[in-house]
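Chain by chain, the residues:
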Amino acid sequence: MENCIFCKIIRGEIPSPRLYEDGDMIIIRDIEPKAKLHYLCIPKTHFALLSEMDGEKAEILKRCFAKIPTLEKELGLEKGYRVIINQGEDGGQAVHHLHIHLLGGEKLKDF
Ligand code: 5GP
Ligand code: ZN
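A quick note: this is a predicted structure, and the numbers were derived from the prediction, not measured. (Residues numbered from 1 in each chain as written. Chains lettered and ligands numbered in written order. Predicted model: local features only at pLDDT ≥ 70, side-chain atom pairs only at ≥ 80, totals over all residues. Heavy atoms only, no water.)

Caption draft 1: Highlighting the packing of aromatic side chains. Per the stated rule, a full pass over the model turns up zero aromatic pairs. Here Lys57 stacks its cationic end above the ring of Phe47, 5.7 Å away from the centre of that ring. A cation over an aromatic ring shows up here: Arg82 above the ring of Phe111, its NZ or CZ 4.7 Å from the ring centre. (Phe/Tyr/Trp six-rings, centres within 6.5 Å; stacked < 30°, edge-to-face > 60°. Lys NZ or Arg CZ within 6 Å of the ring centre and 35° of its normal.)

Caption draft 2: Just the site of ligand 1, in detail. Of all residues adjacent to ligand 1, which total 17 residues, the nearest are Arg29, Asp30, Ala94, Val95 and His101. Separating a nitrogen atom of ligand 1 from a backbone N or O atom of Ile31 is a distance of 3.3 Å. With respect to ligand 1, the backbone of Ala94 contributes an N or O atom lying 2.7 Å from an oxygen atom. When ligand 1 sits alone it has 520 Å² of accessible area, and the protein chains cover 86% of it. Looking at the shell around ligand 1, the element that brings in the most residues is helix α1 (residues 5-11), giving three residues. (Near = heavy atom within 4 Å. Polar contact = N/O pair within 3.5 Å; in protein donor to acceptor, adjacent residues only side chain to side chain. Areas by Shrake-Rupley, 256 points an atom, 1.4 Å probe, with all protein chains shown as cover. Helix = DSSP H or I, 4+ residues; strand = E, 2+ residues; numbered from the N terminus.)

In short, shape yes, function no, at least from these values alone.
Here you go:
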């Protein structure tokens, strides 16, 4: 997507150090961390909402969720973390390219 900020990061048009990258995803630090450690796992395929998911996108997300726990130690999340996917207006989704927030590095407050 031409004007999508995460697609621009994926294409390298906006510099953002990648803590992990493979054919499906990148993992970067959130620019405005909401916890001591705050990462974004961003699938390389552009889609905004879980409701847009088809079989191929489901496979991509499956691989994202399989990869994340293998990186816990490397990312400093071995004591636990919170996984969030904001959806739409009420969910507070600001960037309309589906992404998985990983928050940790400290004891997080209850909802
Ligand atoms: P959302 O509210 O859509 O779930 O989350 C979007 C997240 O992307 C926010 O936490 C915001 O801080 C982060 N973000 C927005 N623009 C950039 C950017 O250019 N670089 C990085 N690393 N994070 C960004
Ligand atoms: Zn995008």
